[in-house]
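What the coordinates show
The lines below spell out each chain.
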Amino acid sequence: MSRREEVAKRDEELLAQLGYKQEFKREFTPLEVFGVAFNVIGLFPSLASVLVYAIPNGGPVAMVWGWAVASVFILCIGLSIAELASAAPTAGGVYFWTHSFASPRWRNLLCWVVGYVNTVGYIAGLASVDWSCAIQITAAASVGSGQTYIATNAQTYGIYVAILLSHALLCCLATSVLARMQRIYTTINICLCFAVIVGLPIATPKQYMNTARFALGSFDNLYGWPDGFAFVLSLLTPLWTVSAFDASVHISEEASNAATAVPWAIVCSNIIATLLGWAINVTLTFCMGTDMGYLLSSPIGQPMAQIFFSSFGQNGTLVLWAFVVIAQYMMGSSCLLVASRQIFAYSRDRALPLSGILCRVNKSASAPVNAVWFAVICAILLGLLAFAGTQAISAIFPLAINALYTAYSITIAARWLGNSNFRRGPFHLGILSLPISIIAVLFMAFMSIIFLFPIMPGPSATTMNYTVVVLGGILGLSLVWYYLPMYGGIHWFVGPVPNIGKRDGDNPYFVTQDESREKSTIKA
C-alpha cells in the first residue's frame, strides 16, 4: 500500500469514528487546504474592503497599532479552533464539536444555535465579500471615467448578483478543479500583497508621502466617539480581514491527512496574513497623504482606490486595481466553497429546511451542488439590504464577524465547561490550551458587543448599525423553530446524525435517537 493510500485510509477511518461515511473525493493537498484558509481571508482585497472602518476611527494609529493588537487575539482564536479541528476534522466543524463537548442537557440546543449562526456567518461573509467586489468594480469604473461615474444602488446590486451567479457556476465544478484553483488564488493574493508593499512607496509623489511621526503616531477621530472607543471600533478592519478561522475545517472531508493539514492551515494562514497585513498597513500610512476625510468622501467611493489613484495615476491604478478585483473575486469563490460545505454538513444532520435536498452530493462533480445554489440565493436576498441604505448593507460586515464569533465562543467554552472527554489530535497546545481558550472567548465576547454599536454617536435611522436587528432576527426565528410546538426541533433534533454504513439512496431520516447519540462524544 502506497503512502497516499495509507493516508487516505486513515482519513476515512477517522471520519468513520466520527460517524460519517466518505462522500467526497479527498482532492485537497495540504498546500491547497492552506490555500482555502488563506484565500477566504483574501488579505489585500479584504483590507481594501474594510479600510473604511479604520481611517475615521484612529487613522494611522488604528491601521498600524490596532492591527498589531488585534493580531495577538486573532492568533489565540486560530490556535483554539486549530486544536479542535485536529481532534475532529469533519465538515460540520463547530456545531459538531459543540454537541460533542456540551453537557447532555444543553448539547442539542447549543448545537442548533451554533449550526445556525455558523451558517449565517458564512452566508453573510459571502455576501460581504461579493458586495465589496461589486463596489471595487464600480470604483474602477469611476477611475476610468475620470471620477464622473457614480454607481446607483441598483447598478451595484446588479453587479453583485452577477458575481454571485458566476461563483455558483464555478463552485459546481469537480472537487479536483476547485482544489487546483486554490494554488492560483494563493499565488495571486501573495504577489498582490508584495506588489503593493514594494510598489506603492516607489510610485507615491512626495506630496502624499508622510513622515514617520504621522504614519506611526497620528490619531484621526472623524466620527465623534471617545478616542479609546474609536480605537476599539477600528479593530473591525483586522478582525473582518482575518476571520473565518474554521474555513478549512469545512473541507476537511475533502482534504488529505486532514487531522494535521487542517489545523496547520489555520495557524499558518493566520500568521502569514497578520504579518503581511501589518506590513501593508505600515506602507499605506506612509503613502496615503494626510487628508483622511477626503479618502472617505472622494468621488471614487473607495479609500484604497483613492490611495492608488493619488500614487499611480489613472492608468496605473486601473492595472493594479484589476488584480485587486480579481483577488476579491477569487476570495468570493472560496467563501462560497466553504459556505456550501457548511450547509451540506448541517443538512446532512437534518437541521436546515429542505435538508433532504441540500445534503445531496452530485456524483459527477463530487460536490454539494444544491447547497451551493442555496447559499447563493440566500446571499442574493441578503444583498437587498442595499436598497434600505448604506448603513443597512454595511451591517453584513459586522454580521459575519458576530455570527462566527458567537459560534466559536460557544464551541470553545463548551469544551471546557461541558462533560466531554476531549481527546486531542496530532496538533495540540498542551498546558497553554486553557489560557489561550480563555483569552479567545473573552475577546470574542467583548468584540461581539462592540460591533453592535453604530459608526457614530447619536445615530439616526440612516446611520444605525442594523447588525443586531438582522442577527437577532435570525437567531429569534431559529429559536422559534426549535421550540415550535409539535413540529419544532426540540421534538426531533438530536445533533449530528451518523450515516456510516448507509447505502447510497438510504433515507437519512430513518435514524433513531439512540443511534444518533452513540456519536455524542469524540473518538479520536
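Definitions and cut-offs
- Residues numbered from 1 in each chain as written.
- Predicted model: local features only at pLDDT ≥ 70, side-chain atom pairs only at ≥ 80, totals over all residues.
- Heavy atoms only, no water.
- Helix = DSSP H or I, 4+ residues; strand = E, 2+ residues; numbered from the N terminus.
- Rg over C-alpha atoms; globule rule 2.2 N^0.38 Å.
- Buried < 20%, exposed > 50% of the residue type's maximum accessible area, 1.4 Å probe, protein only.
- Salt bridge = Lys/Arg side-chain N within 4 Å of Asp/Glu carboxyl O.
- Expected span 1.5 Å × (residues − 1).
- Bend = angle between axes of the 7 residues up to and from the residue.
- Polar contact = N/O pair within 3.5 Å; in protein donor to acceptor, adjacent residues only side chain to side chain.
- Phe/Tyr/Trp six-rings, centres within 6.5 Å; stacked < 30°, edge-to-face > 60°.
- Contact = heavy atoms within 4.5 Å.
- Core = buried A, V, L, I, M, F, W, Y, C linked by side-chain atoms within 4.5 Å.
- Disulfide = S-S within 2.5 Å.
- Axes fitted to C-alpha atoms, helices over the stretch in contact; angles between N-to-C directions.
- Parallel < 35°, antiparallel > 145°, perpendicular 65-115°, else oblique.
- Nonpolar A, V, L, I, M, F, W, Y, C, P; charged D, E, K, R; others polar.
- Left-handed = near helix turned anticlockwise from the far one by under 90°.

1. A closer look at the overall build of the protein chain
- Scanning the protein chain for helices and strands turns up 21 helices and two strands.
- Scaling as 2.2 N^0.38, a compact globule of 524 residues should have a C-alpha radius of gyration of about 24 Å, and the protein chain matches this with 22 Å.
- Taken along the three principal axes of its C-alpha coordinates, the protein chain extends 70 × 50 × 50 Å.
- Considering the protein chain as a whole, with its 524 residues, one finds that 59% of them fall into the buried category.

2. Some remarks on the pattern of salt bridges
- Summed over all chains, the structure comprises six salt bridges.
- The salt bridge involving Glu83 is made with Arg415; its shortest N-O contact spans 2.7 Å. Here the residue Glu83 occupies a position in helix α4 (residues 60-87), and Arg415 occupies one in helix α18 (residues 396-417), the gap between them amounting to 332 residues.
- Measuring nitrogen to oxygen at the nearest pair gives 2.8 Å for the salt bridge that ties Arg341 to Glu254. Placement of Arg341 in helix α14 (residues 303-348) and of Glu254 in the loop between α11 (236-241) and α12 (258-287) is noted, with a sequence separation of 87 residues between them.
- The buried category is assigned to Arg341, whose relative accessible area is 1%.
- On the basis of relative accessible area, Glu254 is assigned to the buried category, the value being 0%.

3. Considerations on the environment of Thr211
- Mapped onto the secondary structure, Thr211 falls in the loop between α8 (175-203) and α9 (212-217).
- On the basis of relative accessibility, which here comes to 52%, the residue Thr211 falls in the exposed class.
- Expressed as a C-alpha distance, the spacing of Thr211 and Ser310, which sit 99 residues apart in the sequence, is 17 Å.

4. What to know about α14
- Taking 1.5 Å of rise per residue, 46 residues should cover 68 Å, yet α14 covers just 42 Å from first to last C-alpha, more than 12% shy of that figure.
- Approximately 120 degrees is the largest bend angle found in α14, and it occurs at Gly313.
- Of all 46 residues making up α14, 34 are buried, and the element is well covered by its neighbours.
- Between the side-chain oxygen at the start of α14 and the backbone nitrogen of Met304 there is a gap of 2.9 Å, and the oxygen is on Gln302.
- Note on α14: the residue one or two positions beyond its end, Arg350, has a positive phi of about 70 degrees.

5. What about the packing of aromatic side chains?
- Across all of its chains, the model carries 29 aromatic pairs by this definition.
- Judged by centre distance (5.9 Å) and plane angle (55 degrees), the rings of Tyr20 and Phe96 are tilted. Taken together, the residues Tyr20 in the loop between α1 (3-17) and α2 (30-41) and Phe96 in helix α5 (residues 94-101) connect sequence positions 76 residues apart.
- A residue is classified by how much of its surface remains accessible, and Tyr20, at 1% relative accessible area, is buried.

6. Considerations on the side chain of Ser252
- Take Ser252: it is sitting in the loop between α11 and α12.
- Look at Ser252 and you get buried, because its relative accessible area is 0%.
- A distance of 2.7 Å separates a polar side-chain atom of Ser252 from the backbone oxygen of Val249.
- For Ser252, the residues in contact, after removing those within four places along its chain, are Arg26, Pro89, Thr90, Ala91, Ala258 and Val262.

7. Quick look at α8
- Here α8 is 29 residues long and its end C-alpha atoms lie 41 Å apart, about the 42 Å a rise of 1.5 Å per residue gives.
- The largest bend along α8 measures about 25 degrees and falls at Val196.

8. A word on the side chain of Ser234
- Inspection of the secondary structure assignment puts Ser234 in the loop between α10 (227-233) and α11.
- Once residues within four sequence positions are removed from consideration, Ser234 is found in contact with Tyr53, Ala54, Asn57 and Ala62.

9. Examining the nonpolar core
- Counting residues in hydrophobic clusters, the biggest one holds 169 residues, and the most contacted among them are Trp97, Leu239, Tyr405 and Tyr408.
- With 20 residues, the single largest contributor to this core is α14.

10. Focus: the state of the cysteines
- By the definition in use, this model includes zero disulfides.
- Free cysteine Cys171: the closest other cysteine sulfur is in Cys172, separated by 7.3 Å.
- Classification of Cys171 as buried rests on a relative accessible area of 1%.
- Cysteine Cys193 remains unbridged, with the sulfur of Cys191 as its closest cysteine sulfur at 9.2 Å.

11. Looking at the packing of helix α7 (residues 153-171) against helix α16 (residues 369-382)
- In contact at an axis separation of 9 Å, α7 and α16 are set at 170 degrees when each is read in the N-to-C sense. Put simply, α7 runs roughly antiparallel to α16. Side by side, α7 and α16 meet where Tyr157, Tyr160, Val161, Leu164, Leu165, Ala168, Leu169 and Cys171 of the first sit next to Val372, Trp373, Val376, Ala379 and Ile380 of the second.
- Residue composition of the contact of α7 with α16, by class: 13 nonpolar, no polar and no charged.

12. Here we look at the packing of α5 against helix α6 (residues 107-144)
- In the contact formed by α5 and α6, the axes pass within 8 Å of each other and the chain directions differ by 165 degrees. The angle between α5 and α6 falls in the class roughly antiparallel. Classified by chirality, the crossing of α6 by α5 is right-handed. Residues Val94, Tyr95, Thr98, His99 and Ser100 of α5 pack against Arg107, Asn108, Leu110, Cys111, Val114, Gly115 and Asn118 of α6.

13. Brief notes about unusual backbone geometry
- In this model, Ser366 sits at a positive phi of 55 degrees, which is unusual for a non-glycine residue.
- Considering the arrangement of structural elements, one finds Ser366 in the loop between α15 (355-358) and α16.
- In this model, Met486 sits at a positive phi of 75 degrees, which is unusual for a non-glycine residue.
- Structurally, the position occupied by Met486 is in the loop between α20 (467-483) and α21 (513-517).
- For Met486, a relative accessible area of 65% gives the class exposed.

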